[in-house]
Amino acid sequence: MDYAATILSKLPGANKRDHGLRRLVETLQSYLPEEQVAFITAAYEFGAEAHAGQSRKTGEPYITHPVAVAQELAEMHLDAQAITAAILHDTVEDTSASLDDIADRFGSEVAIIVDGVSKLDQIQFRSRAEAQAESFRKMMLAMIEDIRVILVKLADRLHNMQTLGAMPIEKKKRIARETLDIYAPIANRLGINRLKIQLEDLGFKHLYPFRYRVLETALKKSQGSQKQIVRKISEEFSKAMADEGIKGTVSGRQKHLYSIYNKMAQKKRLLSDVVDVYGFRVICDDVNSCYQVLGIVHGLYKPMPGRFKDYIAIPRINGYQSLHTTLFGPKGLPLEVQIRTRDMDRLAESGVASHWIYKADEKSDASPQRRTREWLSNLEELHQSGTSEEFLESVKVDLFPDKIYVFTPKGDIMPLPKGSTTVDFAYAVHTDVGDRCVAAKVNRGLVPLRSELQNSQTVEIVTAKGAKPNPNWLTFVRTAKARTAIRQHMKNLRASESVDLGKRLLDRSLKDLGSSLRKVGKIRMAAALEELGLNNNTELFEQVGLGERLAPLTARFLSGVSEDGEDEENTASLIIAGTEGMVVSYGKCCYPIPGDDVMGYLTAGRGVVIHRNQCGNLSNFRKQPEKWISVNWQKDIDRDFACQIQTDTRNKPGVLAEVAATIGDCGSNIEQVEVLGRHDDCSVLSFLLQVKDRVHLARIMRSVRNMKNVIRVSRDCA
Ligand code: MN
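Residues numbered from 1 in each chain as written. Predicted model: local features only at pLDDT ≥ 70, side-chain atom pairs only at ≥ 80, totals over all residues. Heavy atoms only, no water.

**Student:** How should the overall build of the chain be read in this particular structure?
**Tutor:** Tallying secondary structure elements over the chain gives 28 helices and 19 strands in all. For the chain, with 718 residues in total, the buried portion stands at 48%. Relative to all contacts within the chain whose residues are 6 or more apart in sequence, the contacts with residues 24 or more apart total 67%. Surface exposure of the chain reaches about 35800 Å², of which carbon and sulfur atoms provide 48%. (Helix = DSSP H or I, 4+ residues; strand = E, 2+ residues; numbered from the N terminus. Buried < 20%, exposed > 50% of the residue type's maximum accessible area, 1.4 Å probe, protein only. Contact = heavy atoms within 4.5 Å. Areas by Shrake-Rupley, 256 points an atom, 1.4 Å probe, with all protein chains shown as cover.)

Shown next, in the form of structure tokens:
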């Protein structure tokens, strides 16, 4: 019974035009069970309705395009999900159908493939450089989670190429170039020869129409005259195989125009040399027969030296397996013969797609990624000889990438590690751009600098003169380049600050000894520097400032006072103004503020850290009294310092907001709030505030303490 006709007769208005559905249904019936064919025709109905009223540039109804795409994949015997997705691939982009509709009707797997194809359609190839094409291919492969997305996309491109005739010539050339640069290489990389050959020939045809026509005509002419000979030799091969009891089929092989063109262009061969070659393919049942057939054809005609290739023992990098040989045929005409098994032939045609070919006994629990991995591991087994590890590694990295690809505003592609932020992008463009970046735009919208980038976004960095890297960036940047550049900048900054501090510390210590830098003098200084292995006094000051060398000891050394001289009272204190930058920092254990009694502790590499005298951590440091320096606050410091307070509050709605408002009213910013504990009727909150000094803090605490729902306020001191 004509099942296709039955299905067609049920479709509204489809009896007039079948949009290629009849052929598709017949192809599907040859390898899929009926219920899956019905599933696909349901998708056709859905798609035909969604695309109703739209037409192609060729004037045909739009639905003919997705059906043709499905046909291509059906001829490769792909599974029902892939065919369904092919039929629906343009519905989300071009019609009112939504991804949810598709997921509801046809399942999430189909929806994921359709979504993937739509996303690939959104990215645009903007520049033509070869390196750019390579990145673009990688970006496309990086974006897909299911390899069937790329299969649908390649078939989509193929049909668009087949119907390119209706386009203006400039557009034709652009699309043809893109096909040769991007899509054919992807098909090649994934071993899908069937699609690769068609994409290449069509790309060639539209990019170089004249060269294509010349070649095509020459080839047709020679094929006409070759026909007789090809048939005669095929029969000869078949008979010789039958005599030896070997099963197999022999066929004349069609030439692929683009490969002929490439051979001529690259190897500088004459047209006649390339065209006047007879091609044969022998398909056998098993590997043994392949080698037997090789023996047979070598017995019939003399093999050309150096032309035999055993791609069965050593497969090509994309998994292609076959025996290749060239023979001196009748009148010395070269005969090219390929010999392989049915399985090898299928793999040669379909590559990675062979894992999506429908098999009746299939257990389909494997995830898309796993099937792709299976293909890769098959390749790996083939390649245990280790000849092409690099290729496998690169395919693997492309299919399961740890990279993302984003665009610069000019359309260049920038590869970055997964998880990279706009700051990583800025440093990847140039260190200067990174150092001076103040804002970032993703797809033209402003985003926070710490935003993680996604595949195919366009990123623009806003820079400002005199802007500096922020040490905070170190908490989110992903790339080594950004990290190193920010650290380097911090180091330079700290170096100049530490020279200042070191000079002050040393001068103060010298004063304790009744000396001064001036009194030490140039000659003594030079001798001391040489003894310490330093080049100049800047280096010495820096080391002292960073706490790598202790000021009192260095002062004794410089002034020539012996180590065990009388213990001087440290009378002079280091005056802290709060403007010392990174070489003076404030303990996060006790948050000292102006007015507190404080001590300074020299930490190698970090300079002086200020602690409150009653800080609980001080006991840890007491073991090294030589690292302590007495410090005092400068008068009238005008900047904010971090400080922590704790409050016990009643559990009433809005209490936190009230406390926060009161703190704000006192002219302080809250940096952080933490709930330390919560009981039945009471909560303990910890606030990190910005305050000027002790007086300011006291005023804040008094205001908070006077609040109705506040039970207790205290200053933290761990
Ligand atoms: Mn399409």
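Moving on, there is more to tell.
**Student:** What exactly am I supposed to notice about the pattern of salt bridges here?
**Tutor:** Two side chains of opposite charge can pair, provided their charged atoms sit close to one another. A full pass over the atoms with the stated rule returns 21 salt bridges. Between Arg340 and Asp345 there is a salt bridge whose closest N-O contact spans 2.9 Å. No difference in accessibility class separates Arg340 from Asp345, as the two residues are buried. Asp640 is the partner of Lys692 in a salt bridge, and the nearest nitrogen-oxygen pair spans 2.8 Å. Of this pair, Lys692 sits in the loop between strand S18 (682–691) and helix H28 (694–705) while Asp640 is found in the loop between strand S15 (628–633) and strand S16 (641–650), placing the two residues 52 residues apart along the sequence. Each of the salt bridges in this network shares a partner with another, and the network as a whole consists of Arg23, Glu72, Glu75 and Arg194. (Salt bridge = Lys/Arg side-chain N within 4 Å of Asp/Glu carboxyl O.)

**Student:** Any chance you could explain the coordination of the manganese ion here in plain terms?
**Tutor:** Note on metal geometry: ideal angles are 109.5 degrees for four donors arranged tetrahedrally and 90 or 180 degrees for six donors arranged octahedrally. In this structure, His65 (NE2), His89 (NE2), Asp90 (OD) and Asp156 (OD) serve as the protein donors to the manganese ion, at separations of 2.2 to 2.4 Å. The class of Asp156 is buried, set by a relative accessible area of 5%. (Donors = N, O, S within 2.8 Å, 3.2 Å for Na, K, Ca; no water.)

**Student:** Explain the sheet that holds strand S13 (residues 598–603) to me, please; I cannot follow it from the model alone.
**Tutor:** Ordered in space as S11-S15-S13-S14-S12, the 5 strands form an open sheet in which the pairing is mixed. Only two strands of the sheet have a single neighbouring strand rather than two, namely strand S11 (574–576) and strand S12 (584–586). Neighbouring strand axes in the sheet, compared pairwise and without regard to direction, differ in orientation by 40 degrees on average. Direction of pairing for S11 relative to S15: parallel, over a ladder of 3 bridges. Within the sheet, the bridge partner assigned to Ile575 lies in S15 and is Asn632. Docked against the sheet, helix H22 (residues 480–512) engages S11, S12, S13, strand S14 (607–612) and S15, running at close to 145 degrees with respect to S11. (Pairing = 2+ DSSP bridges. Axes fitted to C-alpha atoms, helices over the stretch in contact; angles between N-to-C directions.)

**Student:** What's the story with the packing of helix H3 (residues 34–50) against helix H7 (residues 99–106) in this structure? I'm lost.
**Tutor:** How two helices pack is summed up by the angle between their axes together with the distance between the axes. Where H3 contacts H7, the axes come no closer than 11 Å and their chain directions differ by 150 degrees. Judged by the inter-axis angle, H3 sits roughly antiparallel to H7. Remark: the crossing between H3 and H7 carries right-handed chirality. Contact with H3, carried on its side by Phe39, Ala42, Ala43 and Phe46, involves Asp101, Ile102, Arg105 and Phe106 of H7 and no other residues of that element. Taken together, the residues of the contact of H3 with H7 break down into 6 nonpolar, no polar and 2 charged. (Parallel < 35°, antiparallel > 145°, perpendicular 65-115°, else oblique. Left-handed = near helix turned anticlockwise from the far one by under 90°. Nonpolar A, V, L, I, M, F, W, Y, C, P; charged D, E, K, R; others polar.)

**Student:** Teacher, can you tell me more about the packing of aromatic side chains here?
**Tutor:** Two measures describe an aromatic ring pair: the distance that separates the ring centres and the angle between the ring planes. Throughout the structure, instances matching the rule amount to 13 aromatic pairs. Ring centres of Phe204 and Tyr212 lie 5.5 Å apart, and the angle between their planes is 70 degrees; this geometry places the pair in the edge-to-face category. Each member of the pair, Phe204 as well as Tyr212, is classed as buried. The interplanar angle of 25 degrees and the centroid separation of 4.6 Å between the aromatic rings of Phe204 and Tyr261 together place this pair among those described as stacked. One end of the pair, Phe204, is in helix H12 (residues 193–207); the other, Tyr261, is in helix H14 (residues 257–267), with 57 residues separating them in the sequence. The exposure class of Phe204 is buried, given its relative accessible area of 0%. An aromatic cluster is defined as three or more aromatic residues linked by ring pairs; in this entry it consists of Phe204, Tyr208, Tyr212, Tyr258 and Tyr261. Over the aromatic face of Tyr208 sits the side chain of Arg211, whose NZ or CZ is 4.0 Å from the ring centroid. (Phe/Tyr/Trp six-rings, centres within 6.5 Å; stacked < 30°, edge-to-face > 60°. Lys NZ or Arg CZ within 6 Å of the ring centre and 35° of its normal.)

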